[in-house]
Amino acid sequence: MNYWLMKAEPDDVGIDDLMRLPAQTVGWYGVRNYQARNFMRDDMAMGDLALFYHSGCAVPGIAGIVEICSAPYPDPTQFDPENKYFDPKSTPEVPRWQQVDVKFVRKTRFIPLSELRNLPALGSMRLLQRGNRLSITPVSEQEWHILEGLF
DNA sequence: GCCAACGTTGGC
DNA sequence: GCCAACGTTGGC
């Protein structure tokens, strides 16, 4: 079982939106980075837990927990010319981008990025590394347990 | 809106 | 395979 951190833009789908969705589940569409894709494709498994992180907003931070609830499958937005995530180089025969479904588990106390940065014990978190831009990053078991203590 | 950091593209 | 140019991310 692995732990993850997944960035969402609350203007698009925030934790409160996820709570209100049918089955409280959403396909994690729109990943267009190979490293992040490979995490989903190769290293995630159903039952893995992920921190649901709000980014691209006034106060970024951890907002909740979700569970990976599907195997990876092709991201449908890559085939839709009207969609902003359309990829003309991808085909249904050889899809380039994958997604997984995630299911709402719980909200946490909102933990701002600034608070995470002030915790020396989390210094090695991938999210906090200089220049990190990955929308999906692994979280170690040790880091996960430290974070659980903050919720 | 700025800009540092990083990823991708494409000519050579 | 190199690397300059360009595009994107994302915090501030």
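Up top is the structure these notes are about.
Residues numbered from 1 in each chain as written. Chains lettered and ligands numbered in written order. Predicted model: local features only at pLDDT ≥ 70, side-chain atom pairs only at ≥ 80, totals over all residues. Heavy atoms only, no water.

Peer 1: Even after reading the chapter, I still don't get the protein's contact with DNA strand C, so can you show me in this structure?
Peer 2: The environment of DNA strand C is made up of K7, Y53, S55, G56, P60, L113, R133 and L134. What you see for DNA strand C is that sugar and phosphate hold 71% of its atoms within 4 Å of the protein. One of the side-chain N or O atoms of K7 is found 2.9 Å from a phosphate oxygen in DNA strand C. Contact between DNA strand C and R133: a base oxygen at 2.5 Å from a side-chain N or O atom of the residue. Grouping the constituent residues of the surface near DNA strand C by class yields 4 nonpolar, 2 polar and 2 charged. (Near = heavy atom within 4 Å. Polar contact = N/O pair within 3.5 Å; in protein donor to acceptor, adjacent residues only side chain to side chain. Nonpolar A, V, L, I, M, F, W, Y, C, P; charged D, E, K, R; others polar.)

Peer 1: Explanation requested: the pairing of strand β1 (residues 3-8) in the structure shown.
Peer 2: Most of β1 sits inside the fold, with 6 of its 6 residues counted as buried. Side-chain alternation along β1 places Y3, L5 and K7 on one buried face and W4, M6 and A8 on a second face that is also buried. For β1 and strand β3 (residues 49-54), the ladder comprises 6 bridges, and the chain directions are parallel. When the sheet's bridge partners are listed, K7 is paired in β3 with Y53. Of the pairings in the sheet, the one linking β1 to strand β8 (residues 136-139) comprises 4 bridges and is antiparallel in character. Residue L5 lies in a different strand from β8, and its bridge partner there is T137. (Buried < 20%, exposed > 50% of the residue type's maximum accessible area, 1.4 Å probe, protein only. Helix = DSSP H or I, 4+ residues; strand = E, 2+ residues; numbered from the N terminus. Pairing = 2+ DSSP bridges.)

Peer 1: Just to check I follow, could you spell out the protein's contact with DNA strand B for this structure?
Peer 2: Around DNA strand B, the surrounding shell consists of N33, Y34, Q35, K89, R130, G131 and R133. Backbone sugar and phosphate groups make up 76% of those atoms of DNA strand B lying within 4 Å of the protein. Between DNA strand B and R130 there is a distance of 2.4 Å, counted from a phosphate oxygen to a side-chain nitrogen or oxygen. Contact between DNA strand B and R133: a base oxygen at 2.6 Å from a side-chain N or O atom of the residue. Considered class by class, the residues forming the surface near DNA strand B number 1 nonpolar, 3 polar and 3 charged.

Peer 1: What should I look at first to understand helix α5 (residues 141-148) in this one?
Peer 2: A turn of α-helix holds 3.6 residues, and therefore any two residues three or four places apart point the same way. Taken together, the buried positions of α5 are occupied by E143, W144 and L147. Projected down its long axis, α5 shows its buried positions confined to an angular sector of 100°, all on one face. Exposed side of α5, more than 90 degrees from the buried face: E141 and Q142 are the residues found there. Contact partners of the buried residues in α5: β1, β3, β4 (61-68), α4 (113-117) and β8. (Arc of directions from axis to C-beta. Contact = heavy atoms within 4.5 Å.)

Peer 1: What am I meant to see in unusual backbone geometry here?
Peer 2: Across the chain, the bulk of peptide bonds are trans and the bulk of non-glycine residues have phi less than zero. Positive phi, normally seen in glycine, also occurs at A23, with a value near 60°. On the secondary structure map, A23 appears in the loop between α2 (15-20) and β2 (25-27). The exposed category is assigned to A23, whose relative accessible area is 55%. Here the phi dihedral of Q24 falls at roughly 50°; this positive angle occurs in a residue that is not glycine. Considering the arrangement of structural elements, one finds Q24 in the loop between α2 and β2. A residue is classified by how much of its surface remains accessible, and Q24, at 27% relative accessible area, is partly exposed.

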